[in-house]
Amino acid sequence: GNSVTQMEGPVTLSEEAFLTINCTYTATGYPSLFWYVQYPGEGLQLLLKATKADDKGSNKGFEATYRKETTSFHLEKGSVQVSDSAVYFCALSIAGQGAQKLVFGQGTRLTINP
Amino acid sequence: GAVVSQHPSWVICKSGTSVKIECRSLDFQATTMFWYRQFPKQSLMLMATSNEGSKATYEQGVEKDKFLINHASLTLSTLTVTSAHPEDSSFYICSAPGGVFNEKLFFGSGTQLSVL
């Protein structure tokens, strides 16, 4: 079956620290991979995505590279800010099953201290 | 940008009562909406797909009589948890596709349900 596993949180870092949130997946087809972010009191928002192997998604200083050989899509940021505090969800969708039908990980809560 | 409004954001109810959660697309129409639930430290799981003007499509293992879905209009879908029990306590989120080709998903902020 299709599944997504994220590193367990919560993760607490100081401002300007380097961030990595691990995400690995299993999929029966050729998935597209996503990172969504949920800020306090708001809905999930798409942060970045990659649709094929070796693609790199990037947005707001965050990056993730689609690694087929390790079935991973780790989220990274070189220097985090307090405003990055949120819950981050890794997700996949399978071609042919509807791009809107997402399989999510459990989410990782990130807190950045000033 | 497109906004999906979900209400209430949290609700506490007694066991045996029913709870209704609303999901509205505020500035776009959605013929389809999705309902998810999340238990603590577990994945966000798709429960059902709500279809305007027709029956909802439920994922395997989801009780359709327990989780009633009504997509009353092109901007409103409701999820009613009937005869709620403590094991129904969970975080529920809705989403709706939008964008020029419905290629984007817009999410509500979620509802935390606690059943006593």
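Residues numbered from 1 in each chain as written. Chains lettered and ligands numbered in written order. Predicted model: local features only at pLDDT ≥ 70, side-chain atom pairs only at ≥ 80, totals over all residues. Heavy atoms only, no water.

(A) Up close: the overall build of chain A. Per the secondary structure count, chain A includes zero helices and twelve strands. Shown N-terminal to C-terminal, the secondary structure of chain A runs as helices and strands in the order β-β-β-β-β-β-β-β-β-β-β-β. For chain A, the spread of C-alpha atoms along the three principal axes comes to 45 × 30 × 20 Å. A total of 114 residues make up chain A; the buried ones form 45% of that total. Long-range pairs, those at least 24 residues apart, make up 57% of the contacts in chain A between residues at least 6 apart in sequence. (Helix = DSSP H or I, 4+ residues; strand = E, 2+ residues; numbered from the N terminus. Buried < 20%, exposed > 50% of the residue type's maximum accessible area, 1.4 Å probe, protein only. Contact = heavy atoms within 4.5 Å.)

(B) Examining the state of the cysteines more closely. In this structure the tally under the stated criterion is two disulfides over all chains. A sulfur-sulfur distance of 2.0 Å marks the disulfide that ties Cys23(A) to Cys90(A). The S-S bond linking Cys23(A) to Cys90(A) shows a torsion near -75°; that makes this disulfide left-handed. With a gap of 67 residues between them, Cys23(A) in strand S4 (residues 23-26) and Cys90(A) in strand S10 (residues 86-94) connect regions that are remote in the sequence. By the burial criterion, Cys23(A) is buried, and Cys90(A) matches it. Here Cys23(B) engages in a disulfide with Cys94(B); their sulfurs sit 2.0 Å apart. Measuring handedness by torsion sign, the sulfur bridge of Cys23(B) and Cys94(B) sits at about 85° and is right-handed. (Disulfide = S-S within 2.5 Å.)

(C) Focus on the sheet that holds strand S3 (residues 19-21) of chain A. Residues and elements named next belong to chain A. Ordered in space as S3-S9-S8-S7, the four strands form an open sheet in which the pairing is antiparallel. Two strands in the sheet have a free side with no partner beyond their single neighbour: S3 and strand S7 (56-59). This sheet shows a mean twist of 20° between the axes of neighbouring strands, independent of strand direction. Across three bridges, S3 lies against strand S9 (residues 75-77) in antiparallel orientation. Looking at the pairing, isoleucine 21 lines up with leucine 75 of S9. (Pairing = 2+ DSSP bridges. Axes fitted to C-alpha atoms, helices over the stretch in contact; angles between N-to-C directions.)

(D) Looking closely at the packing of aromatic side chains. Residue and element names in this part refer to chain A. Under the counting rule described, the total for this entry stands at eleven aromatic pairs over all chains. Between phenylalanine 89 and phenylalanine 104, the aromatic rings sit 6.2 Å apart at their centres with planes inclined by 85°, giving edge-to-face as the arrangement. With phenylalanine 89 in strand S10 and phenylalanine 104 in strand S11 (residues 102-104), this residue pair connects regions lying 15 residues apart in the sequence. Exposure class is identical for phenylalanine 89 and phenylalanine 104. Each is buried. (Phe/Tyr/Trp six-rings, centres within 6.5 Å; stacked < 30°, edge-to-face > 60°.)

(E) Inspection of the sheet that holds strand S7 (residues 67-73) of chain B at higher detail. Residues and elements named next belong to chain B. Strand order in the open sheet made by the four strands is S1-S3-S8-S7, with antiparallel pairing throughout. Of all strands in the sheet, those with a lone pairing partner are strand S1 (4-7) and S7, marking the two edges. Taken pair by pair, the neighbouring strands of this sheet meet at an average axis angle of 15°, ignoring direction.

(F) Structural context of the interface of chain B and chain A. Taken together, the 17 residues of chain B in the interface contact 15 residues of chain A. Overall, the association of chain B and chain A removes approximately 1300 Å² of surface from exposure, summing both partners, and the carbon and sulfur fraction of that is 58%. Counting the surface chain B buries against chain A, the share from its top three residues, Leu44(B), Leu105(B) and Phe107(B), is 34%. Run the count over chain B and chain A and you get zero salt bridges. Across the chain B-chain A interface, the total number found is three residue pairs in polar contact (both at pLDDT 80 or more). Those elements giving two or more residues to the side of chain B that touches chain A turn out to be strand S4 (32-38), strand S5 (44-51), strand S9 (90-98) and strand S10 (104-107) of chain B. Along the lines of polarity and charge, the residues of the side of chain B that touches chain A split into nine nonpolar, six polar and two charged. (Buried area = accessible area lost by both parts, 1.4 Å probe. Salt bridge = Lys/Arg side-chain N within 4 Å of Asp/Glu carboxyl O. Polar contact = N/O pair within 3.5 Å; in protein donor to acceptor, adjacent residues only side chain to side chain. Nonpolar A, V, L, I, M, F, W, Y, C, P; charged D, E, K, R; others polar.)

(G) How the structure looks around the pattern of salt bridges. All names here are of chain A. What the rule picks out here adds up to five salt bridges over all chains. Among the salt bridges present, the one from lysine 52 reaches aspartate 55, with a minimum N-O distance of 3.3 Å. Accessibility expressed as a relative area gives 52% for lysine 52, which makes it exposed.

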